[in-house]
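The residues making up each chain are set out below.
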Amino acid sequence: MKAENDQRTGLLYGFGAYGMWGLVPLFWPLLKPSAAIEILAHRMVWSLAVVGLALLALRRWGWIRELLRQPRKLALTTLAASVITVNWGLYIWAVNNGQVVEASLGYFINPLVSIAIGVLVLGERLRRAQWAAVGISFAAVLVLAVGYGRPPWISLILAFSFATYGLIKKKLDMGGLESLTAETAVLFLPALGYLLWLGTQGRSTFATEGLGHSALLAATGLVTAVPLVFFGAAAIRVPLSTLGLLQYMAPVFQFGLGVLYFHEAMPPERWAGFSLVWAALAVLTWDALRTARRSRARLAAAPEVPAVVVAPAREPA
């Protein structure tokens, strides 16, 4: 009963996390006339404030001393912070410049890019269905390049930066709250310095657009941290395969907002390209579910191994 309640709670947290990530395109336009870089800098500064308060409440500080003693981990944290800066900044710019649909495509193809990185960087071997999904997605990019009159650079940079970020996080092996704290701590001084420089140039919007605008810029910290906390709560309660399916919620919501709310153009060739991406994801999901089902069946069919009592070894005379 407790396991069922935990899983139900985990699903709610998962829906909450991916739902918030899917609806975030509605938030960034509220921050105009702030430019994307100013919004990004505020996001870094206020995110550190939010996660710092969370860690203070939870009294989870021991990991900081351990991190500072490991130069390799510090270097990976700095690299992760740099990569996510590119991802965050480009996404904010894309949303505020009428490119929500192309941005959503980046997160649709992100799982496929992660697979490609697994093969090229980690030497992983793919099953036939996974190769088929990668091939279909490559065809989709070609179709979309024809439709846009250029490669879908926004989508590709978002997908590759986030997949690279995921690879670095895998090597870091830190909790979500801790890793976000470390990354925003790395970004804090450059971001704060940029905001102070904007102020000296008379180009800051933080204090010139009213109290409501200032509050919205400060809320970027909550917009960043709250979904991540929900995701962390979901990750410890539901199977990884379930989280893998839930992750498609965010780009589906973003795509829907781009087409239905922001009224972005979707000519036939873009529909064709997106359809190929969705077909690739369907193949990938089917393969993942089939593999998980076979693994469970093998475990269930495996004979129970009787416990072996091992006599303690005698010390040599």
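In this text the structure is predicted, and so the values were computed from the model without any measurement.

## Brief notes about the nonpolar core
Now for step 1: With 43 residues, the main nonpolar core has Trp28, Tyr91 and Leu158 as its most contacted residues.
Now for step 2: Secondary-structure elements contributing two or more residues to this core are helix 2 (36–58), helix 3 (62–68), helix 4 (71–96), helix 5 (100–120), helix 7 (153–172) and helix 8 (176–200).
Now for step 3: Counting residues per element, this core draws most heavily on helix 4, at 11 residues.
Now for step 4: Look past the residues within four positions of Trp28 in its chain and what remains in contact with it is Ile39, Arg43, Tyr91, Ile92, Val95, Asn96, Thr220 and Val223.
Now for step 5: One finds Val101, Ala163, Phe255 and Met266 within the second-largest nonpolar core, a separate group that totals 26 residues.

## Regarding the environment of Leu68
Now for step 1: One can find Leu68 in helix 3.
Now for step 2: The sequence separation of Leu68 and Val223 amounts to 155 residues, and the corresponding C-alpha distance is 28 Å.

## Here we look at helix 9 (residues 211–218)
Now for step 1: Here helix 9 has its buried residues at His213, Ser214 and Leu217. All buried residues of helix 9 project into a common sector of 100 degrees when viewed along the axis, lining one side.
Now for step 2: Those residues of helix 9 that are buried are in contact with helix 2 and helix 10 (220–235).

## Observations regarding the packing of helix 2 against helix 4
Now for step 1: At a minimum axis distance of 9 Å, the contact between helix 2 and helix 4 shows a crossing angle of 135 degrees. Relative to helix 4, helix 2 is oriented oblique. The hand of the helix 2/helix 4 crossing is right-handed. In contact with Ala36, Ile39, Leu40, Arg43 and Met44 of helix 2, helix 4 contributes Thr85, Trp88, Gly89, Ile92, Trp93 and Asn96.

## As for the packing of aromatic side chains
Now for step 1: Inspection of every chain in the model, using the stated rule, returns 18 aromatic pairs.
Now for step 2: Geometry around Trp88 places Arg43 over its ring, the cationic atom sitting 4.1 Å from the centre.

## Concerning the side chain of Thr220
Now for step 1: Inspection of the secondary structure puts Thr220 in helix 10.
Now for step 2: The class of Thr220 is buried, set by a relative accessible area of 0%.
Now for step 3: When residues no more than four places from it in sequence are discounted, the contact partners of Thr220 are Phe27, Trp28, Leu31, His42, Arg43, Trp46 and Ser47.

## Notes on helix 8
Now for step 1: Helix length check: helix 8, at 25 residues, gives a terminal C-alpha distance of 35 Å against a target of 36 Å (1.5 Å per residue), a fit within 8%.
Now for step 2: Along its length, helix 8 shows its largest kink, about 40 degrees, at Phe188, and proline Pro190 lies within four residues downstream of that point.
Now for step 3: Among the residues making up helix 8, those that are buried are Leu177, Glu178, Ser179, Leu180, Thr181, Ala182, Glu183, Thr184, Leu187, Ala191, Leu195 and Leu198.
Now for step 4: Summarising the contacts, the buried residues of helix 8 are in contact with helix 2, helix 3, helix 4, helix 7 and helix 10.
Now for step 5: Downstream of helix 8 by a residue or two, Gly202 has a phi angle that is positive, lying close to 70 degrees.

## Remarks on the packing of helix 8 against helix 10
Now for step 1: Contact geometry of helix 8 with helix 10 gives a least axis separation of 9 Å together with a crossing angle of 155 degrees. When the interaxial angle is binned, helix 8 and helix 10 end up roughly antiparallel. Every residue of helix 10 that contacts helix 8 at Gly176, Leu177 and Leu180 is listed here: Thr224, Ala225, Leu228 and Val229.
Now for step 2: The residue inventory of the contact of helix 8 with helix 10, partitioned by class, reads five nonpolar, two polar and no charged.

## Some points on the pattern of salt bridges
Now for step 1: Tallied over the full model, the rule gives three salt bridges.
Now for step 2: Arg150 is the salt-bridge partner of Glu102, the closest N and O atoms lying 2.9 Å from each other. In this pair, Glu102 sits in helix 5 while Arg150 sits in the loop between helix 6 (128–148) and helix 7, placing the two residues 48 residues apart along the sequence.
Now for step 3: A salt bridge links Asp287 to Arg290; its shortest N-O distance comes to 3.1 Å. Highlighted residues: Asp287 and Arg290, both in helix 13 (residues 268–301), separated by three residues, approximately one helical turn.
Now for step 4: Assessed through its relative accessible area of 1%, Asp287 is described here as buried.
Now for step 5: The class of Arg290 is partly exposed, set by a relative accessible area of 21%.

## Some thoughts on the confidence of the model for the chain
Now for step 1: Here the chain averages 84 in pLDDT, and 91% of its residues register 70 or above.
Now for step 2: When the criterion is pLDDT under 50, residues 307–317 qualifies, and its contacts beyond four places in sequence or with other chains add up to zero contacts.

## What about a nonpolar patch on the surface?
Now for step 1: Together, Leu23, Leu26, Val252, Phe253 and Tyr261 make up a nonpolar patch on the protein surface, roughly 450 Å² of accessible area in all.
Now for step 2: Considering every element that reaches the nonpolar patch, the biggest residue donor is helix 12 (residues 249–261), with three residues.
Now for step 3: Inspection of the secondary structure puts Leu23 in helix 1 (residues 2–23).
Now for step 4: On the basis of relative accessible area, Leu23 is assigned to the partly exposed category, the value being 43%.

What counts as what
Residues numbered from 1 in each chain as written. Predicted model: local features only at pLDDT ≥ 70, side-chain atom pairs only at ≥ 80, totals over all residues. Heavy atoms only, no water. Core = buried A, V, L, I, M, F, W, Y, C linked by side-chain atoms within 4.5 Å. Buried < 20%, exposed > 50% of the residue type's maximum accessible area, 1.4 Å probe, protein only. Helix = DSSP H or I, 4+ residues; strand = E, 2+ residues; numbered from the N terminus. Contact = heavy atoms within 4.5 Å. Arc of directions from axis to C-beta. Axes fitted to C-alpha atoms, helices over the stretch in contact; angles between N-to-C directions. Parallel < 35°, antiparallel > 145°, perpendicular 65-115°, else oblique. Left-handed = near helix turned anticlockwise from the far one by under 90°. Phe/Tyr/Trp six-rings, centres within 6.5 Å; stacked < 30°, edge-to-face > 60°. Lys NZ or Arg CZ within 6 Å of the ring centre and 35° of its normal. Expected span 1.5 Å × (residues − 1). Bend = angle between axes of the 7 residues up to and from the residue. Nonpolar A, V, L, I, M, F, W, Y, C, P; charged D, E, K, R; others polar. Salt bridge = Lys/Arg side-chain N within 4 Å of Asp/Glu carboxyl O. pLDDT = per-residue confidence, 0-100. Patch = residues over 30% accessible without salt bridge, like charges linked within 9 Å, V, L, I, M, F, W, Y side chains within 5 Å. Areas by Shrake-Rupley, 256 points an atom, 1.4 Å probe, with all protein chains shown as cover.

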